[in-house]
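# Tertiary structure, described
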Amino acid sequence: MSPALPEPGAPTPEPVRTRVTNLHEGLLREVTGDHGGTGTIRAHRAYLGAGARAPIAFIDLVVLPPGTSIGLHRHADDEETYVILSGRGRMTLDGEEFTVRAGDLVPNRPYGEHGLANDGDEDITLLVFEAGPLGGAG
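Residues numbered from 1 in each chain as written. Predicted model: local features only at pLDDT ≥ 70, side-chain atom pairs only at ≥ 80, totals over all residues. Heavy atoms only, no water.

## Let's talk about the nonpolar core
Judged by nonpolar contacts, the single largest core of 17 residues is most densely connected at V62, L64, Y82, L116 and L126. Sorting the residues of this core by element identifies β2 (40-48), β3 (56-64), β5 (79-86), β6 (88-93) and β10 (124-131) as the ones contributing at least two each. If we skip the residues at most four places from it in the chain, V62 touches I41, R42, A43, I70, I124, T125, L126 and V128. (Core = buried A, V, L, I, M, F, W, Y, C linked by side-chain atoms within 4.5 Å. Buried < 20%, exposed > 50% of the residue type's maximum accessible area, 1.4 Å probe, protein only. Helix = DSSP H or I, 4+ residues; strand = E, 2+ residues; numbered from the N terminus. Contact = heavy atoms within 4.5 Å.)

As structure tokens, this is what we get:
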């Protein structure tokens, strides 16, 4: 016997999404003083490369409320890229400070120093991709 058809005009049920997570539904955790930065940001590690065959170490979704920052820091033999999804702020990259805004991609080279501050009045939302180790000499 085939399943009954819905009545005409009845709402269509939402499909079940078994492999999809929603970043707005409680996944973001609070992180205070990230890399020595200011205030409390919100972050979610969307991908962790442990055991993966690709050299992607992780992908994080990060939200910096106004007045918060990711402090100046360095990584080792990896490359970390910031993808600014919304907002604007001040990026420091190897001693140079400049404004970043939605749509900017900022590659942080291996062993380079970088940090990001939200000096505006809206959240900055960004994705952070880290690839490595790269096998370089520094």
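## Focus: the environment of H75
Here H75 shows up in the loop between β4 (69-74) and β5. Using a relative accessible area of 18% as the deciding quantity, one classes H75 as buried. Residues H75 and N108 lie 33 residues apart in sequence; the distance between their C-alpha atoms is 9.0 Å. Leaving out residues up to four positions away in the same chain, H75 has contacts with E80, Y111, G112, H114 and E130. Here H73 takes part through its side chain, which lies 3.2 Å from a polar atom of the side chain of H75. At a separation of 3.4 Å, a polar atom in the side chain of H75 contacts the side chain of E130. (Polar contact = N/O pair within 3.5 Å; in protein donor to acceptor, adjacent residues only side chain to side chain.)

## With respect to the sheet that holds β6
Either a parallel or an antiparallel arrangement is found when strands of a sheet pair, and the pairing is made through backbone hydrogen bonds. Strand order in the open sheet formed by four strands is β4-β9-β6-β7, and the pairing between neighbours is antiparallel. Each of the sheet's edge strands pairs with one partner strand only, and the pair in question is β4 and β7 (96-101). Neighbour-to-neighbour, the strand axes of this sheet turn through a mean angle of 15°, independent of strand direction. (Pairing = 2+ DSSP bridges. Axes fitted to C-alpha atoms, helices over the stretch in contact; angles between N-to-C directions.)

## Considerations on the sheet that holds strand β8 (residues 105-108)
Within the open sheet, the six strands sit side by side as β1-β2-β3-β10-β5-β8. Their pairing is antiparallel. The sheet is open, and its two borders are formed by β1 (29-32) and β8, each paired with just one other strand. Within the sheet, the average angular offset between the axes of one strand and its neighbour, ignoring direction, is 30°. Of the pairings in the sheet, the one linking β5 to β10 comprises seven bridges and is antiparallel in character. Opposite E80, over in β10, you have E130 as the bridge partner.

## Observations concerning unusual backbone geometry
Within the chain, H35 stands out as a residue other than glycine whose phi angle is a positive 50°. Within the secondary structure, H35 sits in the loop between β1 and β2. Overall, H35 belongs to the partly exposed group, its relative accessible area being 41%. Phi at D94 is positive, roughly 50°, even though this residue is not glycine. Assignment of secondary structure puts D94 in the loop between β6 and β7.

## Topic: the environment of P65
In this structure, P65 sits in the loop between β3 and β4. In this structure P65 comes out as buried when scored by relative accessible area, which is 14%. In this structure, the C-alpha to C-alpha distance between P65 and R42, residues 23 residues apart in sequence, is 8.2 Å. Each residue touching P65, except ones within four places of it in the same chain, is listed here: T40, I41, R42, N118 and D123.

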